Amino acid sequence: MTVASLRVTFAGPFVTYQDAGRAGKLRFGVPASGPMDRLSHAAANVALGNPAHSTAIEVSVGGLAMTCTTGAVTLAVAGGNFLVDRARETLDGWSVFTLSQGETLTIRVGQSGSWCYLAFAGSVDAPQWLGQTATHSTSGFGGGQLKSGQDILINDAQVREDRLGAIERPKFISTDMNIHAVRGPQDRFFTADSIQTFQSNDYALTSAFDRMGVRLSGPKLELAGALSIPSEPITRGSVQVAGDGVPTVLLADHQTTGGYPKIATLQTDDLDKLSQKRTGDRVRFICVSADDALQMTRKIAKKRTDYLSSLAEPKGSLNQRLMRVNLISGAIDAISDSDPN
Amino acid sequence: MQSVTFYHVADHAVLVQLGNEISDALTERVQRLDRAINASPPLGLRETVPAFVNLLAEFDPLVTDHHAIEAAIRDLFDADDTGKIVGVLRTVQVCYDDDLAPDLAAVSSAVNLSQEAVINTHLNAEYTVGMYGFAPGYAYLSGVPAALQLPRKTAALRDIAAGSVLIAGPQCLVTTLTMPTGWSIIGRSSTEILTHDPDRPFLFDVGDRVRFQRIDRSTFEAQTKEVLI
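Residues numbered from 1 in each chain as written. Chains lettered and ligands numbered in written order. Predicted model: local features only at pLDDT ≥ 70, side-chain atom pairs only at ≥ 80, totals over all residues.

*Asks:* Residue-level account of the overall build of chain A, with values.
*Replies:* Helix and strand content of chain A: five helices and 22 strands. For 341 residues, the compact-globule estimate of 2.2 N^0.38 gives 20 Å, and the C-alpha radius of gyration of chain A, at 22 Å, lies within 12% of that figure. The buried share of chain A, reckoned over its 341 residues, is 48%. A sequence separation of at least 24 residues applies to 79% of the contacts in chain A between residues at least 6 apart. (Helix = DSSP H or I, 4+ residues; strand = E, 2+ residues; numbered from the N terminus. Rg over C-alpha atoms; globule rule 2.2 N^0.38 Å. Buried ≥ 20, exposed ≤ 12 C-beta atoms within 10 Å, placed from the backbone. Contact = placed C-beta atoms within 7 Å.)

Put into C-alpha cells, the structure is as follows:
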C-alpha cells in the first residue's frame, strides 16, 4: 500500500479531523459534530473521487501549514475563500493539486469564510470514536484537533492527474446576509416586540464563535416573564436566548439538552451559510413556516445532488485536458479570425 | 389522551410537549412514548431525544415531513398510553474518600448530617436516568433524597476530574470528561459511563434505574488502573 505522510508545521485553533459526523446519538448527549459547512466538505471529497462523507481536515481562520515528508498525494481544498499556497505557488481557494515529498502547503484566512476543508486522495489515518472520525471539540473525542509537529498519514495515497484543477463553486448557495429560520419551538416565551425585533434588525456574529455555537450582538430579546424551563432537547441551528437577552446560534458540537428558550431554529442550508460568516459579519433573520423551510431544503437538495455529481466526474488525464484546451483555443482562434469585431 | 402539543422545528424535527412541570409521572410518559416510537419508527425518522417533559423527533426532510411525523406519533399515543416502564438496574461504584469528594464536608454541614450519614443517604436511594445532556455521557439521574437536596454552588470549580459524582437539587450525575462544575462533588466513581464497548457505548439507557455501591480506596485504584492500561 502506498503511504504519504505530511508533517503539520503550524495549526491554528479549531483545526480538526471531520468526517460527515455521528448522527443518531443525541439521546446519549452526543451531537453529530461533522463539518460546519457540510456542502463544502462533501465538495472537497467528491472532487477527488472520494465518498462525500470521507474524513477531511476542517481548517479554521487560524490556518494550517504542512510539509509532505513521504510520498505524494493529491489533495482538494474547498469552502469559503481561503488563500492556498502550494510550493510557493498561489492557488485558487477551491482547487485540486498534488503535494510531493519536500513540498509545502499553506492555507490562510482569505477574503471570506470561516472554514475550509482539506481532503485527500486516499484514506486518512485518524482515530475514530463511535465509528466516526468527526471531532467533538469540547471532549476531543474522534479524530482530534491538529497540532504542530503532528504527522498526517494517508494510506492508499494516490496521485490523481485526472482530478487536478479548479473546483467549481456551488452557485446555488448565496452569501448574502439573509438567514431563513422557523420561529420556535419556544417563541411563546418571548414578548411580541422581541419576536418583531428578532426579524427586523441586523445581528452580528461576535468573537464568541466556536464549533459549539456563536453568540450574536444586536438588540436584546426580552422574555415575557421570569422563567424556569425544564431542560429539554436542543437541535443544531437552535437560536437560544439566555437571561441576558443575547441570542446564541448552536452549531455542530451543540449541547444536546438545555434550559434556555429557543426563539427560532435555522433552516439547514442557511445554518451552514451563517457558520461560514465571520466575527463582525451581519445577518438578518427571515422567519418562514416550517413547511416553507422544508420545501426550501428539498429544492436545494436537488441542486446539491446535481452539483456533487458533476464534481465527481474526473476531468480526464493531462493529455486529454491539454487536447481539450487546444481544441477550445483552436475553435476560439477560428472564431476570432472570422469575427469582424 | 392527555394534553400534548406538537411544535414543528426548522426543516427537520418535531418537538412533542407532554407537559411543562417536571414530575416522575410526566418523565415516565415521555419515556413510554419514546419506546413506542422506536418500537415502530415512522418512515424517515432519524432519532428521538427524550427529556423530562418533552421529546424531540428528528427526521430526514427529503423522505418525510413534520405532518407525517406528527400523525405517526399521534397514532402511537392512542395505541399505548399505559403500562409501567421498568428500566434495567445499573450499579455505579463510588469511593467517598476525602480527596475524591472535596465538597462532602460542605454538604454535610449544609444538610446537618454527618459525612457518613450523607454517604449512606446517597447510597440508600434509587435513581432514574431522566435524560442525557451537557456533554457526551452526562446522564441526569433523578432521585437525590430531599435530605441531600442543595442548590448549585455560587461559583463553578474548574478542571473537575472525569468520574466525579455530583449532586445538585434532585439530580445526581457521574461526569465523563474533565469539566468545570458548580455542583457539589461527593465522590469519585470507577464505573465508566462511556464504556468503550462498540456494541454498548453508553452504560445507561434513558429510563434505567441506578444504585450506587461504595468501594474502598484500594478497589477504586485497582479498577481505575485497569482502565488506564
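Next comes the rest of the description.
*Asks:* Hey, could you go over the pairing of strand 7 (residues 139-142) of chain B for me, with residue numbers and the actual values?
*Replies:* All names here are of chain B. Pairing of strand 6 (residues 127-132) with strand 7, which is carried by four bridges, proceeds in the antiparallel orientation. Note on strand 7: the bridge partner recorded for Thr128 is Ser142. Here strand 6 folds back onto strand 7, and the loop between the two strands holds six residues, one of which, Phe134, carries a positive phi near 70°. Across two bridges, the pairing between strand 7 and strand 10 (residues 171-174) is antiparallel. Residue pairing for strand 10: Ser142 is matched across the bridge by Gln171. (Pairing = 2+ DSSP bridges.)

*Asks:* Just give me the short version of the sheet that holds strand 2 (residues 13-17) of chain B, but keep the residues and values in it.
*Replies:* All names here are of chain B. Pairing is antiparallel in the open sheet, where four strands are placed in the order 1-2-4-3. The sheet is open, and its two borders are formed by strand 1 (5-9) and strand 3 (45-50), each paired with just one other strand. Each neighbouring strand pair of the sheet contributes to a mean axis angle of 20°, computed without reference to strand direction. In the sheet, strand 3 pairs with strand 4 (residues 54-59) via five bridges, with the strands oriented antiparallel. What sits directly across from Val49, in strand 4, is Leu56. Seen against the sheet, helix 1 (residues 24-39) touches strand 2, strand 3 and strand 4 and runs at an angle of roughly 165° to strand 3. (Axes fitted to C-alpha atoms, helices over the stretch in contact; angles between N-to-C directions.)

*Asks:* Please set out the confidence of the model for chain B residue by residue, giving values where relevant.
*Replies:* Confidence in the prediction of chain B, expressed as mean pLDDT, is 92, and 94% of residues score 70 or more. Averaged over each element, pLDDT in chain B is lowest for helix 5 (residues 217-228) of chain B (83) and highest for strand 4 of chain B (98). (pLDDT = per-residue confidence, 0-100.)

*Asks:* So, the packing of helix 1 (residues 38-46) of chain A against helix 4 (residues 290-312) of chain A: which residues are in play, and what are the values?
*Replies:* All names here are of chain A. One way to put it is that helix 1 packs onto helix 4 with a least axis distance of 8 Å and a crossing angle of 25°. As far as their axial angle goes, helix 4 and helix 1 are roughly parallel. Handedness of the crossing formed by helix 1 with helix 4: right-handed. Across the interface between the two elements, Leu39, Ala42, Ala43 and Val46 of helix 1 pack against Arg304, Leu308, Leu311 and Ala312 of helix 4. Looking at the contact of helix 1 with helix 4, its residues break down into seven nonpolar, no polar and one charged. (Parallel < 35°, antiparallel > 145°, perpendicular 65-115°, else oblique. Left-handed = near helix turned anticlockwise from the far one by under 90°. Nonpolar A, V, L, I, M, F, W, Y, C, P; charged D, E, K, R; others polar.)

*Asks:* Go over the interface of chain B and chain A, please, and point to the residues and values.
*Replies:* Reports often express the size of an interface as the amount of accessible area lost when the parts come together. Contacts between the two partners involve 36 residues from chain B and, on the opposite side, 35 residues from chain A. Residue assignment for the side of chain B that touches chain A shows that the elements contributing at least two residues are strand 1, strand 2, strand 3, strand 4 and strand 6 of chain B. Across the side of chain B that touches chain A, the residue classes tally to 24 nonpolar, seven polar and five charged.

*Asks:* Tell me about the sheet that holds strand 2 (residues 16-18) of chain A, and name the residues and values.
*Replies:* All names here are of chain A. Spatial ordering of the open sheet is given by 2-3-10-5-8-13, a layout of six strands whose pairing is antiparallel. In the strand order of this sheet, the two ends are held by strand 2 and strand 13 (165-166), each with one partner. Where strand 3 (residues 56-59) meets strand 10 (residues 116-120), three bridges bridge the pair, whose relative direction is antiparallel. Bridge pairing in strand 10 places Glu58 opposite Tyr117. Docked against the sheet, helix 1 engages strand 2, strand 3, strand 5 (72-78) and strand 10, running at close to 25° with respect to strand 10.

*Asks:* Please set out the pairing of strand 18 (residues 238-241) of chain A residue by residue, giving values where relevant.
*Replies:* Residues and elements named next belong to chain A. In strand 18, alternate side chains face the same way, and those of Ser238 and Gln240 on one face and Val239 and Val241 on the other are all buried. Sheet analysis places strand 18 next to strand 21 (residues 262-266), joined by three bridges and oriented antiparallel. Across the sheet, the residue bridging to Val239 is Ala264, located in strand 21. Bridge count for strand 18 against strand 19 (residues 247-250) is three bridges, and the pairing is antiparallel. Of the residues in strand 19, the one forming a bridge with Val241 is Pro247. Taking the residues between adjacent antiparallel strands as the criterion, strand 18 and strand 19 are bridged by five residues, where Gly245 takes a positive phi near 80°.

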